[in-house]
Amino acid sequence: MRSAAAAVGLPSWSSASALISISVARSAAFWCRFTTGIALQIIAGVIKDFTAYKPQSHNTIGKFIDAFRHIGEWQPTPCLVALATVAICIALKFVKSLEAFATLIALVVVTVGVTLMHLDVEKVGDIAAIPNALPPFVVPHFAAIPGLLLGGLAVALVGLAQAAGISAAVPNPDRSRPSTSGDFVAQGAANLAGGFFGALPTGGSLSRTGVAVSAGARTRWAGIFAGIWLAVLVLLAGSVAELIPMPVIGGLILVIGAELIAGRWADITLVLRTAPLSAVAMVVTFLATTQLPLHTAILIGAITSLVLYCVKASQSASLVALRPVGDGGWERSEVPDRAPSDEVTVLHYNGIGLFAEVPRIDEEWPTVDYSHHAVVVLSLGTIPDVPSSKVLKSLRRWATDLHDNGGRLIIAGVSPATARELTAGGVAELIGPDAIVPASTRVFGALDEAVARGTQWIAGQNER
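Residues numbered from 1 in each chain as written. Predicted model: local features only at pLDDT ≥ 70, side-chain atom pairs only at ≥ 80, totals over all residues. Heavy atoms only, no water.

Asker: Explain the nonpolar core to me, and be specific about the residues and the numbers.
Answerer: Core analysis: the biggest nonpolar cluster contains 44 residues, and Leu 378, Leu 395, Leu 409 and Ile 411 have the highest contact counts within it. Listing elements by their share of this core, those giving two or more residues are β1 (318–324), β3 (344–350), β4 (375–379), α16 (389–404), β5 (408–414), α18 (427–431), β6 (436–438) and α19 (445–463). Not counting the four nearest positions on each side in its chain, Leu 395 is found in contact with Leu 378, Leu 409, Ile 411, Leu 422 and Val 427. In terms of nonpolar packing, the next biggest core, distinct from the first, is built from 14 residues, Phe 50, Val 86, Val 110 and Val 248 among them. (Core = buried A, V, L, I, M, F, W, Y, C linked by side-chain atoms within 4.5 Å. Buried < 20%, exposed > 50% of the residue type's maximum accessible area, 1.4 Å probe, protein only. Helix = DSSP H or I, 4+ residues; strand = E, 2+ residues; numbered from the N terminus. Contact = heavy atoms within 4.5 Å.)

Asker: Just give me the short version of the sheet that holds β4, but keep the residues and values in it.
Answerer: Strand pairing within a sheet occurs via backbone hydrogen bonds; the two strands may be parallel or antiparallel. In space, the 6 strands of this open sheet follow the order β2-β1-β3-β4-β5-β6, with mixed pairing throughout. Each edge of the sheet is formed by a strand with only one pairing partner; in this case those strands are β2 (330–333) and β6. The sheet shows a mean angle of 30° between the axes of neighbouring strands, taken without regard to direction. In this structure, β4 lies alongside β5, joined through 5 bridges in parallel fashion. Note that in β5 the partner of Leu 378 across the bridge is Ile 411. Across the sheet, helix α17 (residues 416–424) lies against β5 and β6, angled at about 150° from β5, the strand it touches most. (Pairing = 2+ DSSP bridges. Axes fitted to C-alpha atoms, helices over the stretch in contact; angles between N-to-C directions.)

Asker: Mind laying out helix α4 (residues 60–69), listing which residues take part and the relevant values?
Answerer: Taken together, the buried positions of α4 are Thr 60, Gly 62, Asp 66 and Ala 67. The buried residues of α4 occupy one face: seen down the axis, they fall within an arc of 155°. Set apart from the buried face of α4 by more than 90 degrees, the exposed residues are Phe 68 and Arg 69. The N-cap residue of α4 is Asn 59: its side-chain oxygen and the backbone nitrogen of Ile 61 are 3.4 Å apart. (Arc of directions from axis to C-beta. Polar contact = N/O pair within 3.5 Å; in protein donor to acceptor, adjacent residues only side chain to side chain.)

Asker: Tell me about the packing of aromatic side chains, residues and numbers included.
Answerer: Scanning all chains against the criterion turns up 5 aromatic pairs. Centroid distance Phe 137 to Phe 196: 5.9 Å. Interplanar angle 5°. Geometry classified as stacked. Taken together, the positions of Phe 137 in the loop between α7 (124–127) and α8 (145–169) and Phe 196 in the loop between α9 (180–194) and α10 (206–214) put the pair 59 residues apart, joining distant regions of the chain. The exposure class of Phe 137 is exposed, given its relative accessible area of 55%. (Phe/Tyr/Trp six-rings, centres within 6.5 Å; stacked < 30°, edge-to-face > 60°.)

Asker: Can you explain unusual backbone geometry? Please cite residues and give values.
Answerer: Positive phi is not limited to glycine here, since Ala 52 has a value of about 70°. Counting through the fold element by element, Ala 52 comes out in the loop between α3 (47–51) and α4. The phi dihedral of His 373 falls on the positive side, at around 55°, and the residue is not glycine. Within the fold, His 373 resides in the loop between α15 (358–364) and β4.

Asker: Describe a nonpolar patch on the surface, listing the residues and the values that go with them.
Answerer: A surface patch of nonpolar side chains, amounting to about 1100 Å² of accessible area, comprises Leu 134, Trp 221, Ile 224, Phe 225, Ile 228, Trp 229, Val 232, Leu 233, Leu 235 and Leu 236. With respect to the helices and strands, Leu 134 occurs in the loop between α7 and α8. (Patch = residues over 30% accessible without salt bridge, like charges linked within 9 Å, V, L, I, M, F, W, Y side chains within 5 Å. Areas by Shrake-Rupley, 256 points an atom, 1.4 Å probe, with all protein chains shown as cover. Salt bridge = Lys/Arg side-chain N within 4 Å of Asp/Glu carboxyl O.)

Asker: So, the side chain of His 373: which residues are in play, and what are the values?
Answerer: We classify His 373 as buried; its relative accessible area is 9%. A distance of 3.3 Å separates a polar atom in the side chain of His 373 from a polar atom in the side chain of His 372. Ignoring sequence-local partners within four residues, the contact set of His 373 consists of Ser 341, Asp 342, Glu 343, Asn 405, Gly 406, Gly 407, Trp 457, Ile 458, Gln 461 and Asn 462.

Asker: Give a detailed account of the pairing of β4, specifying residues and quantitative values.
Answerer: Counting buried positions along β4 yields 5 of 5 residues, so the element is predominantly enclosed. Burial along β4 is two-sided: Val 375, Val 377 and Ser 379 and Val 376 and Leu 378, pointing in opposite directions, are all buried. Two elements, β3 and β4, share 5 bridges in a ladder whose sense is parallel. Counterpart to Val 346 in the pairing with β4 is Val 377.

See below:
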């Protein structure tokens, strides 16, 4: 006798670990390829700070290729300053008591060293002056809103997607679940308030997150305190930041980018081992992220993931016939080619209600030609609350075929939301309200009730 899990088409414990690994790989695939590409973008963005050579390419991979093709144009002093920053930062990470302060110590030590030795490298002050003052309050130019609306929507979508990617890529240290809705609301409120102080649109940042994590951040309060300390430092010593050498910033960002890529490596190998289709999508999204504008890469990655999801869902959809056993349980059996007369045939639907699954289910659905008083009980324990319209049409077609041949369809394990959809889709009217059996808190309760109703219906038909 099979287990109860096997009886309803669920994975047995012997295969659970493999299925869990594949599920994790598919959910992580998009964000690991996206965040890895963004990490490379971050590193590519500081090539000029690291080497004093500005790559001419417009895409990430091209910047690396162009930089190494012109390695002779790299300036020794910025390279040495950046390498010193990287070396100090990495060395301090091996000292447990100093690990959280590695980034700050490397920044201060190398900046002081460059200043004392009067090394000729680009500094923050060469790019822009930093006054000892906070941004003033300004009234936005509301008349410009119509012209900026479409572009603002695109920026918001990119910012939200990147924030969601960071949330998935960098788990909370306390293992608590991230609140994507809360993150979105906070990000929108921050941008709304920032607009009154001349702030640029902002969102989640892998580089800032990497700095916070490497410094030992444990909660969201780290971001709040970072903003408070930044305001204090700008007021008291904003102009001092002009002394920071750009190669130091480049070296620190190089370390942070490398840590982000290393942190994704486990997910990448998991995807490659367990999910070949997701691995293809991972490569596609990675190439898009490094070769195309960010908003285009996000769109391509999302569409690729959606297509793969539909393909895998349609492949996994199936019908499983269930047969009662002596102890009141059920065992799995082959779906019959034809629904037998004067019997109740129990089928369990393994799927999620996507339109792409219907052709596969149609191939497995038993015929009802020349059947007499055949009842088919369909268990929908895994269907979502809102099945696709094509699934509703198929249910109506299967119910009509049974009715035209003197049979009946009974649907078991229906949630309240699904019941409303079946009513709105005309299925309830076709099969009758008593043919929709609500889900039960008792295991197989709805299925037992549906079979009892089907058996009673057959007996009533034969008595006529």
